[in-house]
Amino acid sequence: MARISTTIPQQLDFSAIDQLFGTLLESPGTVSVPASDPRLGLIERIVLWHLCVQRQQKIPVFGPYYIAAIDADQAAFDVAVPSFEPEATTLAFRWMREAVNSLIGTPSPSASSIARVRADFESLLGRLQKHALVGVNNFHLMAAAHACGIPSLRISRDTFCFGQGHRARWFNSTITDRTPSMGVKMSKSKTMTAHVLALHGLPVPVHELAKDEGEALQVAARLGWPVVVKPDDHDQGRGVEAGLRDEAGVRRAFASASALSSRVLVEKHHFGEDYRLTVLHDRVVKILHRRAGGVTGDGRQSVAQLIAASQMTERAVRIRRQSGRELLALDSEANGLLQEQGLAAHDIPAQGAFVVLRRRNNISAGGIQTLVPVEDAHPDNLALAVRATRAIRLDISGVDLLIADIRRSWLETGACIIEMNSQPQVGIQNAPHVYEEIIRAAVPGDGRIPVHLVLCATQADEPSDKSILERAAALGCNGVATRRGLWVSGQQVAAAFTNPLDAGRALLLDDRVTSALCVMTARDAVVCGLPSDQIHSLTVAGPQDAPVVRAALVMAAPHVKRPTFGNTMAPKPT
């Protein structure tokens, strides 16, 4: 909760700052208050936009916010906002307030004021970056869970619990608590993956491990050019160089791959189009056609100019903000590929001519990805991806397939499974619905169990353990959480907690709990919050007219399905 005081004039034109923040924020949202209420309109912009900028940096702040005037003149407001990292919330909120205040003094902000806000915004993004969730998937899984009404709880830096009690599932990116560890281990080794797939009669590349540069050259000569050099135990295309046609290329690629891993593969290059098939529980849910990064000629601009233009696209700017790197640049890799194509940076490619500037197809290396409707793929190719996933014993996977045309059967054209990823980066741009499919496939319904709450006026009003267990039995709860410990199916399983909120959360993490009863004082509820954002029923123990009880009931009311404002619980004996 924060309090904002304001001396905004009654008449205020927001068009200039709306336009500016519309360019700074990827999804600026919509202000809901009428234009005739400038004070509330300004406050809502600050609140809405400080959430937007956090989400832009992959900080999962979802849910409603509340704004309430606390005096008749609307000169001060109380606001309540969702927060994931308090430091990030404070940074974003303070910066947004100061930025907006610096722009509203005149109907048309000066160019210098706008430039200063833009520069400060880039600095803010950098400071928020340390609070961002790890990887691509975690943020979007959190967003999907919120959209599905499924509660979530952060377990560690990169692990999250979606749901409650026996209906909960844990996720680390796209690996769940039910993903076989054996499959994850196998998929981390390309040689092991290929061996297991070959045992199942599935198409895999021909490759050999090389312990040094000399052996890598011997393997390349034995397999025949072109070849691929890659680390055995890295994914997302790290350290991979394909289409190598000479010894110099193999030496360079081996040095790059061996810097990442002690196990380096030399592989016979398999020609074909590159597809990533995402498999979820025996069903292909997404197909991407992947091409290596490059630029397409327009008959007017040089390669260098086309690269510069690509660096100004919305996607390139976003990635530069988040990672500090350029996807495409005139570096040694790009210049080497230009030379292989008989081009130089100053040459002007013909209209529609594609100039390859990267050796990897991965999007993290500037690759270009196009969504292919699943129904367009030949059924044999879908079955191949599913069978490969089952062979490696995975529940979700990214199958990287080289094939002439995904619309034709691999049994006819041939194909090669070059990699299996047990933790595929699904991505949001082409098929945002896939994250909801993943969550819904793992978590039954909305993931919730009934959570009942006993709210005590003071600690002296807390019922005895016997009374609480009897109350739990009457409500059909097999789990009980109090300050004094946890009980599951009548058995105490944990001792005292510092506060009852921690006790309630601990109970909802127990996968044996089908319905929970949580006990806390009114003060604990006001200070710490509720154990669940949805309370099935609420019972008051002790006096109801105490100010802290009334405050707790007001706070809890929006979250309670069936309030019971009666003193139905006897306090524990003193």
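This text follows the structure it describes.
From a predicted model like this one, the values you see are computed outputs, not experimental measurements.

Cut-offs applied
- Residue numbers restart at each chain and count upward from 1, following the sequence in its written direction.
- At least 70 in pLDDT is required for a residue's local features to be given in this predicted model, at least 80 for side-chain atom pairs to be given and counted, and no such filter applies to totals for whole chains, interfaces and linings, which use all residues.
- Computation of side-chain values: all heavy atoms of the structure, hydrogens and water removed.
- By salt bridge we mean one thing: a side-chain nitrogen of Lys or Arg within 4 Å of a carboxyl oxygen of Asp or Glu.
- Helix numbering and strand numbering both begin at the N terminus, where a helix is a DSSP run of H or I of at least 4 residues and a strand a DSSP run of E of at least 2.
- The buried label applies to any residue whose accessible area, calculated with a 1.4 Å probe on protein chains only, is under 20% of its type's maximum; exposed applies above 50%, and partly exposed to all values in between.
- Following DSSP output, two strands are said to pair if at least two bridges run between them.
- Working convention: axes come from line fits to C-alpha atoms, limited for helices to the stretch in contact. Angles between N-to-C directions cover 0 to 180 degrees.
- Only heavy atoms enter the contact rule, under which two residues are in contact if any of them lie within 4.5 Å.
- Here, nonpolar core means buried Ala, Val, Leu, Ile, Met, Phe, Trp, Tyr and Cys residues that are tied together by side-chain atoms lying within 4.5 Å of each other.
- Expected helix span is computed as 1.5 Å times (number of residues minus one).

J.: Can you tell me about the pattern of salt bridges, naming the residues and giving the values?
T.: Applying the stated criterion to the full structure yields 29 salt bridges. Notably, a salt bridge pairs Arg167 with Asp446, separated by 3.8 Å at the nearest N-O pair. Linking Arg167 in the loop between β5 (159–162) and β6 (169–172) with Asp446 in the loop between α15 (433–442) and β19 (451–456), this pair joins segments that are 279 residues apart in sequence. For Arg167, a relative accessible area of 23% corresponds to the partly exposed category. Note on Asp446: relative accessible area 31%, which makes it partly exposed. Residues Asp331 and Arg358 are paired through a salt bridge, measuring 2.9 Å at the closest nitrogen-oxygen approach. Pair noted here: Asp331 is in the loop between α11 (314–323) and α12 (332–340) and Arg358 is in the loop between β15 (354–356) and β16 (368–372), with a separation of 27 residues, a long-range link. Through salt bridges with shared partners, a single ionic network connects Glu462, Asp465, Arg483, Arg484 and Asp524.

J.: Kindly report on the sheet that holds strand β9 (residues 227–231), identifying the contributing residues and their values.
T.: What the four strands build is an open sheet, ordered β8-β11-β9-β10; its pairing is antiparallel. Strands at the two margins of the open sheet, each flanked by one partner only, are β8 (207–210) and β10 (241–244). The sheet shows a mean angle of 25 degrees between the axes of neighbouring strands, direction not considered. Pairing of β8 with strand β11 (residues 264–268), which is carried by four bridges, proceeds in the antiparallel orientation. Residue pairing for β11: Ala210 is matched across the bridge by Val264. Of the strands in this sheet, β8, β9 and β11 touch helix α7 (residues 190–199), which is tilted by about 150 degrees from β8.

J.: An account of the nonpolar core is needed here, citing residue identities and associated values.
T.: If you look at the biggest cluster of nonpolar residues, it comprises 57 residues, and the most contacted ones within it are Phe21, Val53, Val100 and Phe162. Residue assignment for this core shows that the elements contributing at least two residues are α1 (15–24), α2 (38–56), β3 (76–80), α3 (86–103), α4 (111–128), α5 (137–147), β5 and α15. Considering each element in turn, this core owes the most residues, 10 residues, to α2. If we ignore the near neighbours within four places in the chain, the residues touching Val100 are Ile17, Phe21, Leu42, Ile46 and Trp49. By size, the runner-up hydrophobic cluster in this structure holds 29 residues, among which are Ile175, Leu202, Ala377 and Leu401.

J.: Go over helix α13 (residues 379–391), please, and point to the residues and values.
T.: For α13, with 13 residues, the first-to-last C-alpha span of 18 Å sits near the 18 Å given by 1.5 Å per residue. Buried residues of α13: Asn381, Leu382, Leu384, Ala385, Val386, Ala388, Thr389 and Ala391, and no others. As for α13, its buried residues are in contact with α7, β12 (273–280), β13 (284–291), β17 (396–403), α14 (410–413) and β18 (415–421). Of the residues flanking the end of α13, it is Arg393, one or two places downstream, whose phi is positive at about 65 degrees.

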